[in-house]
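Secondary and tertiary structure notes
For reference, the chains in residue letters:
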Amino acid sequence: GKLLLSDSMPWQGNTLYLPKPYCTAKVKKEQPADQRKKLKKLVWIPVDRFDDYCSAMRTGELFSCEAPALGQSEEAVKAVVPDYQDAVPYPIGIYRFRENTGLYFLMECEDADRNWLRELITALGFSGIGGRVSSGYGKFAVMEEDDLACSTDPQRHWLGKAVQRTEGAQLLLTTSLPAETELEAALDQAGYQLVRRAG
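Here's a quick rundown of the structure. (Residues numbered from 1 in each chain as written. Predicted model: local features only at pLDDT ≥ 70, side-chain atom pairs only at ≥ 80, totals over all residues. Heavy atoms only, no water.)

**Observations concerning the sheet that holds strand β4 (residues 44–46)**
With antiparallel pairing, 4 strands are arranged side by side in an open sheet as β4-β3-β2-β7. Edge strands, defined here as strands with exactly one partner in the open sheet, are β4 and β7 (101–104). Each strand axis lies, on average, 35° off the axis of its neighbour in the sheet, ignoring direction. By the bridge criterion, 4 bridges tie strand β2 (residues 9–12) to β7 in an arrangement that is antiparallel. (Pairing = 2+ DSSP bridges. Helix = DSSP H or I, 4+ residues; strand = E, 2+ residues; numbered from the N terminus. Axes fitted to C-alpha atoms, helices over the stretch in contact; angles between N-to-C directions.)

Shown next as structure tokens:
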């Protein structure tokens, strides 16, 4: 518990986003079909609208939010050329973020570890994640670092308070698998999505 990391989540401009929780409305109210479809497709909720979303799930009221246009998915074809054999093509997925858009993550650590973690993340940006830097993939740069406990930005201040909250519903911000002994308690009143992991 000395180092805690969230998954990466998107930001655009000054807006931070959180994943849409997997929950169903406590009160069912009839909503226009186009609004239901938009809400079903929504993946990310702006931090400054998160309380509105949770309130709508409790009351059944209409929640309207535009999905952010964060970037564009592309597919490219690469080829493996084994010794003395024909080239074997394979597809790769590429995601290009729009200008003034990127990813952020939350980290909690002891003060003594902060500097070496900062250096480690900076070095990771040079070597890249999710692709070869020499091919133009996976490279990133750290744009900004902020202490949520001391932040003057309302979104970050809200996030700082939200991650410290221990009562009420919780939102898991990382992919997780409970131990077999924890499974029954973890599933009690939980909303979740199973993600298949394979090579």
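Let us keep going from here.
**Describing the environment of lysine 28**
Inspection of the secondary structure puts lysine 28 in the loop between β3 (15–19) and α1 (33–41). Here lysine 28 falls in the exposed class, since its relative accessible area comes to 70%. In this structure the C-alpha to C-alpha distance between lysine 28 and alanine 76, which are 48 residues apart in sequence, comes to 44 Å. (Buried < 20%, exposed > 50% of the residue type's maximum accessible area, 1.4 Å probe, protein only.)

**Quick notes on the side chain of glutamine 155**
In this structure, glutamine 155 sits in helix α4 (residues 154–164). Classification of glutamine 155 as buried rests on a relative accessible area of 10%. In terms of polar contacts, glutamine 155 uses its side chain to reach the backbone amide nitrogen of leucine 16, at 2.9 Å. (Polar contact = N/O pair within 3.5 Å; in protein donor to acceptor, adjacent residues only side chain to side chain.)

**Some words on the nonpolar core**
Membership of the largest hydrophobic core comes to 19 residues, with the highest contact counts inside it found for Leu18, Val47, Phe63, Tyr104, Leu106 and Leu159. Among the elements of the structure, β2, β3, α2 (50–59) and α4 are those that each provide at least two residues to this core. The residues touching phenylalanine 63, leaving out its near neighbours within four places in the chain, are Gln35, Leu39, Leu42, Ile45, Arg49, Asp52, Tyr53 and Ala56. (Core = buried A, V, L, I, M, F, W, Y, C linked by side-chain atoms within 4.5 Å. Contact = heavy atoms within 4.5 Å.)

**Regarding the pattern of salt bridges**
Summed over all chains, the structure comprises 8 salt bridges. Glutamate 74 is the partner of arginine 96 in a salt bridge, and the nearest nitrogen-oxygen pair spans 3.2 Å. Linking arginine 96 in strand β6 (residues 88–97) with glutamate 74 in strand β5 (residues 71–80), this pair joins segments that are 22 residues apart in sequence. Judged by its relative accessible area of 42%, arginine 96 is partly exposed. A relative accessible area of 32% places glutamate 74 in the partly exposed class. One salt bridge in this structure joins glutamate 145 and arginine 118, with 2.7 Å as the shortest N-O distance. Linking glutamate 145 in the loop between α3 (114–127) and α4 with arginine 118 in helix α3, this pair joins segments that are 27 residues apart in sequence. In this structure, a network of salt bridges that share partners links the residues Glu144, Asp146, Asp153 and Arg156. (Salt bridge = Lys/Arg side-chain N within 4 Å of Asp/Glu carboxyl O.)

**A few points about a nonpolar patch on the surface**
Among the surface-exposed residues, Leu3, Leu5, Phe105 and Met107 lie close enough to one another that they form a single nonpolar patch of about 340 Å² accessible area. Tracing the backbone shows leucine 3 in strand β1 (residues 3–5). We classify leucine 3 as partly exposed; its relative accessible area is 42%. (Patch = residues over 30% accessible without salt bridge, like charges linked within 9 Å, V, L, I, M, F, W, Y side chains within 5 Å. Areas by Shrake-Rupley, 256 points an atom, 1.4 Å probe, with all protein chains shown as cover.)

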